[in-house]
Amino acid sequence: QVQLVESGGGLVQAGGSLRLSCAASGSIVSINTMGWYRQPPGKQRELVATITTRGSINYADSVKGRFTISGDNAKNTVYLQMNSLKPEDTAVYYCNADLVRRGLYQVHNYWGQGIQVTVSS
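All of the points below concern the structure found in this document. Quantities reported herein were computed from a predicted structural model and do not represent experimental measurements.

Quick notes on the packing of aromatic side chains
Item 1. The full count for this structure, using the stated rule, is 2 aromatic pairs.
Item 2. The interplanar angle of 65° and the centroid separation of 5.1 Å between the aromatic rings of Tyr37 and Trp111 together place this pair among those described as edge-to-face. Placement of the pair is Tyr37 in strand S4 (residues 28-39) and Trp111 in strand S10 (residues 108-111), with a sequence separation of 74 residues.
Item 3. Residue classification places Trp111 among the partly exposed residues on the basis of a relative accessible area of 39%.
Item 4. Consider the rings of Tyr94 and Trp111, whose centres lie 6.3 Å apart with planes at 85°: the pair is edge-to-face. Of this pair, Tyr94 sits in strand S9 (residues 91-101) while Trp111 sits in strand S10, placing them 17 residues apart in sequence.
Item 5. The class for Tyr94 is buried, based on a relative accessible area of 13%.
Item 6. Ring pairs connect the aromatic residues Tyr37, Tyr94 and Trp111, which therefore count as one cluster.
Item 7. Across the ring face of Tyr79, the terminal group of Arg19 is positioned such that the distance to the ring centre comes to 4.1 Å.

Section: the pairing of strand S1 (residues 3-7)
Item 1. Where burial is concerned, the two faces of S1 differ: the one with Leu4 and Glu6 is buried and the one with Gln3, Val5 and Ser7 is not.
Item 2. As paired elements, S1 and strand S3 (residues 18-25) share 5 bridges and run antiparallel to each other. For Ser7, the partnering residue across the bridge sits in S3 and is Ser21.

Considering unusual backbone geometry
Most peptide bonds adopt trans geometry, and most residues besides glycine take a negative phi value.
Item 1. For Asn76, which is not glycine, the phi dihedral falls at a positive 50°.
Item 2. With respect to the helices, strands and loops of the structure, Asn76 is situated in the loop between strand S7 (67-72) and strand S8 (77-82).

Side note on the pattern of salt bridges
Item 1. This model, assessed by the stated rule, comprises 4 salt bridges.
Item 2. Measuring nitrogen to oxygen at the nearest pair gives 2.9 Å for the salt bridge that ties Asp89 to Arg38. Placement of Asp89 in the loop between S8 and S9 and of Arg38 in strand S4 is noted, with a sequence separation of 51 residues between them. The two residues Asp89 and Arg38 agree in class, both being buried.

Things to note about the nonpolar core
Item 1. Formed by 31 residues in total, the largest nonpolar core has its most connected members in Met34, Trp36, Leu80, Met82 and Tyr93.
Item 2. When contributions to this core are tallied by element, the ones reaching two or more residues are S3, S4, strand S5 (46-52), S7, S8, S9 and strand S11 (115-120).
Item 3. For this core, the leading source of residues is S9, giving 5 residues.
Item 4. Those residues in contact with Met34 that sit more than four places away from it in its chain are Leu4, Cys22, Ala24, Thr50, Ile51, Ile69, Asn76, Val78, Cys95, Asn96 and Ala97.

Comments concerning the environment of Gly103
Item 1. By the element assignment, Gly103 lies in the loop between S9 and S10.
Item 2. Looking at Gly103, the relative accessible area reads 57%, which means it is exposed.
Item 3. Spatially, the C-alpha atoms of Gly103 and Val29 are 8.6 Å apart, while their sequence positions differ by 74 residues.

Calculation notes
Residues numbered from 1 in each chain as written. Predicted model: local features only at pLDDT ≥ 70, side-chain atom pairs only at ≥ 80, totals over all residues. Heavy atoms only, no water. Phe/Tyr/Trp six-rings, centres within 6.5 Å; stacked < 30°, edge-to-face > 60°. Helix = DSSP H or I, 4+ residues; strand = E, 2+ residues; numbered from the N terminus. Buried < 20%, exposed > 50% of the residue type's maximum accessible area, 1.4 Å probe, protein only. Lys NZ or Arg CZ within 6 Å of the ring centre and 35° of its normal. Pairing = 2+ DSSP bridges. Salt bridge = Lys/Arg side-chain N within 4 Å of Asp/Glu carboxyl O. Core = buried A, V, L, I, M, F, W, Y, C linked by side-chain atoms within 4.5 Å. Contact = heavy atoms within 4.5 Å.

Laid out in structure tokens, this is it:
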């Protein structure tokens, strides 16, 4: 079974920083894309940032210049460095991956369980 395990969430003051990590494990052959999504209280889930194995990166406009996504292919891990955090960044953050499992031949999408990020003012 494939697992996406997030870590690094917590409570910070406005202007502070957090670094989220997501490690993919299991019978993984290859990963095409990993990324982060978030769901603020009472709102729909939205894209934060994605990165492909080749290094192509996409950010939501709301986090450009403040957040940085990066990956470690050898560890099947993606990171999200969040700086200059604002109260509106408060949300449950979810790791997401498009990957191929051993024994299969199609790309499937997987989600982590989510971690809470709270930014106080």
